[in-house]
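Residue-level structural notes
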Amino acid sequence: MFSNNILSSGHLRQSNIDPGQLKVFSSLQKDEERFSFVFTLAESHKFEINPGPAAVKDGDAAKGLKDAGNRAFQSGDNKSALALYNKSVLKTPWTNVASRNLSVSVANRSAALYHLKQYQLALDDIAFVSTLDYPLELSYKVLDRKARCLLAMNQLKDALEAFKATLKALDGAKLPDERRMKWQSDIQIMIAMLARNKELTNDPLPPSVTVLTHVSGGRNKNYESASAAVNVCRSEEMGRYAVAATDIKAGHTVVVEKAYCSVLLAEHRYTHCFHCFNRLVAVVPCPHCCNVAFCSAACQQVALSTHHSVECPVLEVLWESGASVTCLMALRIMSQTNIRYFLDMREQLQQQEDAVYEPRVYQGSHYLSVYHLVRHHSHRSTDDWLQRTGMAVFLFRCLQVSGYFGENSSLSDHVLNQSFSGTHLNPDQLLVGGLLLRHLQSLQFNAHEISELQLGNKGEGKSVFLGGGLYPTLALFNHSCNPGVTRYFRGTLVVVRTVATHRQGEMLAENYGPIFTQDPRAQRQATLREQYHFECVCAPCRQDWPKFEDMNPGLLRFRCDSGDGCSQVLEVAAETDQFMLQCPTCRGYTNILKGLKTLQDTDAMFKVATSLADKGRVSEALSKFLDILSVLDKTLVPPFRDYHLCQQSVRTCMLKLGNLGTLAGTGT
């Protein structure tokens, strides 16, 4: 979850507004009314928007980078060559006239990728080259490279055809006769060797992307991204919240959900795909700007057909404005979808503005699931409304200058300001402005940080904030200062798994930031009250659990196992010589000798699991840690140190199954 921040300093506040205007604004009840009012204020138009990327393509700079890449490649430094070719590809103008220069840079990069044994990426580059104006007399080079990549991947049938195409292309190559003949001879040997195999086939290729995780226990028939083991309840005090539909063990996958929208932070735009957040190896450029990069042609095409076609001219303006990532997400919800979609839904949205949303099947991919996320609009101050509405106007103006509204809308901001000064916005514009304001409210409480675990040479790790994502199903999970689930990401896909046993009917809670092992109750409560407008009543808050550092290692908390369904906790010193404890509630007796023996066994199990984790055998280590959690859960009751140490090890293993990177300064 994110903080409450909207903008950097210097934007619309009460002090900027005439008291009379402020009084009128405070009386407004509808988002469209607020938007329309603030749009007419000169103060909301002070930030000038000039469309067009400042980071423009530069053919001379691109050639210099390509030449430097060539020198690195010739010296055998393939990693440096790849990095330089990537920079050249981003800088090279992509026009009909200049596509030859781009094709040469991409073709040269495919050679570096081949030598780095990145065969599929090299093939992707060769396919990319075929769409550009690559010199015909050089085509034998990329065809030969294609054949050798396929050969290395055991795609023998396709390799044979590629070698035949190479042989044909050599006829047009501008090579000395002796070199041409030598090359042709080598190719003919390869063709003859492959042709001897009468049943030439292609081996099955490994999946090009990680196989998507599936929820445990089958898919929920009412919530498409959740497990059947999850129910969603609703109450006046708690809103919508997730509970266990049946008993759930630790390690259960309860949600797997694609982001409805996601926005990468600007600082990661040259290391991660701007669309899917995967780490970049061989960049695919935007044809128009140098501001972003994509991991594949598929991501580039999706982005160019949706959000980036709208945002490309104003990206630098957005970054320079100081707008938070949640603001950029509010824009992305609109920019990734054609305006006609929202106009066609106008009547439905107006009818359901504050209605309870109870579809037959809750789809996180459907806009109505986003539209109905909680906003806490009744708790907002006038200053908060002003800041959010001012931001909605700024985002709206960005959409205007980038052509989102169609014909004649992609004008300069100066012209637009003149044309709208003293006039009323039309209904289509008011709808978009009101939706932007609505998203700015709901994202405060429902957006999630998308992270990557970066590891050092010695096993140390750091979770790095890559950007923001909106997950409408995950947004239904309430908070606990002792969360029972953890989440990790694969690209922008979120995977939510349990890190504790849940009994049927027990709330499945995630964490909005404050956690009891690190923060005292008063601090947690204040943070949650200020940022999320609720009083936390989780067990650590009700019972004032100690922080991890304050837990008494000499105190054990046993479950009463009298068999009468008693939930009493029996506290005893770790060095006790008693083996039978009487419960003060049910008066039954619990034999703790078995529990003490169990604790000794888990110490040895923990050492084994930790050793597996240190060796990089993450899945095996996770299985062992989950076994320990299960054993501890049957015997003892949190909070106690061993349980939370094991739980943290489970979380760390799960994070290692998601987005991974290398800590700066520790990579090879």
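Residues numbered from 1 in each chain as written. Predicted model: local features only at pLDDT ≥ 70, side-chain atom pairs only at ≥ 80, totals over all residues. Heavy atoms only, no water.

**Let's talk about the overall build of the protein chain**
Which entries qualify depends on this criterion: Numbering of helices and strands runs from the N terminus; a helix is a DSSP stretch of H or I covering at least four residues, while a strand is a stretch of E covering at least two. Burial classification: accessible surface area is computed with a 1.4 Å probe over protein chains only, and a residue below 20% of its type maximum counts as buried, one above 50% as exposed, and the rest as partly exposed. Two residues form a contact once any of their heavy atoms are found within 4.5 Å. Accessible surface area values rest on a Shrake-Rupley calculation with a 1.4 Å probe, where residue burial reflects the displayed protein chains alone.
What the protein chain contains, in helices and strands, is 24 helices and 15 strands. Here the C-alpha coordinates of the protein chain stretch approximately 100 × 75 × 45 Å along the principal axes. A total of 668 residues make up the protein chain; the buried ones form 51% of that total. Here the analysis covers contacts within the protein chain between residues at least 6 apart in sequence; of these, 66% occur between residues at least 24 apart. A total of about 31,400 Å² of accessible surface is found on the protein chain, and carbon and sulfur atoms cover 50% of it.

**Notes on the packing of helix 13 (residues 325-335) against helix 17 (residues 382-401)**
What counts is decided by this rule: Only the stretch in contact is used when fitting a helix axis, every axis being a line fitted to C-alpha atoms; angles between N-to-C directions are given from 0 to 180 degrees. Convention used here: angles under 35 degrees read as roughly parallel, angles over 145 as roughly antiparallel, angles from 65 to 115 as roughly perpendicular, and any remaining angle as oblique. In a left-handed crossing the near helix is turned counterclockwise from the far helix by less than a right angle, and in a right-handed crossing that turn is clockwise. In this count, Pro and Cys sit with the nonpolar residues alongside Ala, Val, Leu, Ile, Met, Phe, Trp and Tyr, while Asp, Glu, Lys and Arg are called charged and the others, Gly among them, polar.
Packing of helix 13 against helix 17 brings their axes to within 10 Å, and their N-to-C directions diverge by 45 degrees. Judged by the inter-axis angle, helix 13 sits oblique to helix 17. Classified by chirality, the crossing of helix 17 by helix 13 is right-handed. On helix 17, the residues that touch Cys-327, Ala-330, Leu-331 and Met-334 of helix 13 are Met-391, Leu-395 and Leu-399. Partitioned by chemical class, the residues of the contact of helix 13 with helix 17 number seven nonpolar, no polar and no charged.

**Focus: unusual backbone geometry**
What is expected of a backbone is that most residues other than glycine have negative phi and most peptide bonds are trans. Along the chain, Pro-638 connects to Pro-639 via a cis peptide bond; the corresponding omega equals 5 degrees. Tracing the chain through its elements places Pro-639 in the loop between helix 23 (618-635) and helix 24 (641-655). For Asn-154, which is not a glycine, the phi torsion comes out positive at approximately 65 degrees. Accessibility expressed as a relative area gives 38% for Asn-154, which makes it partly exposed.

**Concerning the packing of helix 2 (residues 31-39) against helix 19 (residues 427-446)**
Contact geometry for helix 2 and helix 19: axes closest at 8 Å, N-to-C directions at 105 degrees. Taken together, the axes of helix 2 and helix 19 lie roughly perpendicular to each other. Residue-level contacts link Asp-31, Glu-32, Arg-34, Phe-35 and Ser-36 of helix 2 to Gln-429, Leu-430, Leu-431, Gly-433, Gly-434, Leu-437, Arg-438 and Gln-441 of helix 19. Looking at the contact of helix 2 with helix 19 residue by residue, the classes come out as four nonpolar, five polar and four charged.

**A closer look at the domain arrangement of the protein chain**
For clarity, the cut-off: A domain assignment, automatic or from a database, supplies the domain bounds used here.
Annotation of the protein chain at the domain level lists domain 1 (14-52 + 262-409 + 428-447) and domain 2 (548-662). When each unit is reduced to the centre of its C-alpha atoms, the spacing between domain 1 and domain 2 is 46 Å.

**Describing the sheet that holds strand 3 (residues 253-257)**
Going by this rule: Pairs of strands are assigned from DSSP output, requiring at least two bridges between the strands.
Spatially, the three strands line up as an open sheet ordered 3-10-9, and their pairing is antiparallel. Where the open sheet ends on each side, the last strands, each with one partner, are strand 3 and strand 9 (485-490). Looking at each pair of strands side by side, their axes are set apart by 15 degrees on average, direction ignored. Relative to strand 10 (residues 493-498), strand 3 runs antiparallel, the two sharing four bridges. From the neighbouring strand, Thr-253 faces strand 10, where its bridge partner is Arg-497.

**A look at helix 9 (residues 177-195)**
Threshold: Under the convention used throughout, the expected extent of a helix is 1.5 Å for every residue step, that is, one less than its residue count. Along the arc lie the directions from the helix axis toward the C-beta atoms.
Here helix 9 contains 19 residues, and its C-alpha end-to-end distance of 26 Å stays within 8% of the 27 Å for a straight helix at 1.5 Å per residue. Within the sequence span of helix 9, burial applies to Arg-180, Trp-183, Gln-184, Ile-187, Met-190, Ile-191 and Leu-194. Viewed along the axis of helix 9, the buried residues span an arc of 125 degrees, placing them on a single side of the element. Exposed residues lying more than 90 degrees from the buried face of helix 9 are Glu-178, Met-181, Lys-182 and Ile-189. Close packing links the buried residues of helix 9 with helix 7 (139-152) and helix 8 (156-169).

**What about the UniProt feature "domain: MYND-type" (unreviewed entry) in the protein chain?**
For clarity, the threshold we go by: UniProt positions are given in the numbering used here, feature names are shortened, and annotations may be inferred rather than shown by experiment.
According to UniProt, the positions carrying the feature "domain: MYND-type" (unreviewed entry) are residues 273-312. In this annotation, residues 273-312 is assigned 35% helix and 10% strand; the end-to-end C-alpha distance for the span is 15 Å.

**Some thoughts on a nonpolar patch on the surface**
Rule in force here: Here a patch means residues that are over 30% exposed by relative accessible area and free of salt bridges, tied together within 9 Å if like-charged and within 5 Å if nonpolar (Val, Leu, Ile, Met, Phe, Trp, Tyr). Here, a salt bridge means any Lys or Arg side-chain nitrogen found within 4 Å of an Asp or Glu carboxyl oxygen.
A surface patch of nonpolar side chains, about 410 Å² in accessible area, is lined by Phe-579, Met-580, Tyr-589 and Leu-593. Locating Leu-593 in the fold gives a position in helix 22 (residues 593-614). Given the relative accessible area of 45%, Leu-593 is considered partly exposed.

**Observations regarding the pattern of salt bridges**
Counted by the stated rule, this structure contains 27 salt bridges. Its salt-bridge partner being Glu-510, residue Arg-487 comes within 2.8 Å of it at the nearest N-O pair. Of the two residues, Arg-487 is situated in strand 9 and Glu-510 in the loop between strand 10 and helix 20 (521-532); the sequence distance between them amounts to 23 residues. When its relative accessible area of 2% is taken as the criterion, Glu-510 is described as buried. Shared partners join several salt bridges into a network, and the residues in it are Asp-31, Arg-34, Asp-354 and Arg-375.

**Structural notes on the pairing of strand 2 (residues 239-244)**
By the criterion of burial, strand 2 is predominantly enclosed, with five of the six residues buried. Here six bridges tie strand 1 (residues 230-235) to strand 2, and the two strands are oriented antiparallel to one another. Residue pairing for strand 2: Cys-233 is matched across the bridge by Tyr-241. Connecting strand 1 to the next strand, strand 2, in antiparallel fashion are three residues.

**Quick look at the sheet that holds strand 8 (residues 461-470)**
Here four strands make up an open sheet; going across it, the order is 4-8-7-15 and the pairing mixed. Edge positions in the open sheet fall to strand 4 (261-264) and strand 15 (660-662), since each of these has one partner strand only. Averaged over neighbouring strand pairs, the angle between their axes works out to 40 degrees when direction is ignored. Bridge analysis of strand 7 (residues 447-455) against strand 8 gives nine bridges, and the strand direction is antiparallel. Residue pairing in the sheet places Ser-451 in a bridge with Phe-465 of strand 8. In the packing of helix 13 onto the sheet, the strands contacted are strand 4, strand 7 and strand 8, and the crossing angle to strand 4 comes to about 135 degrees.

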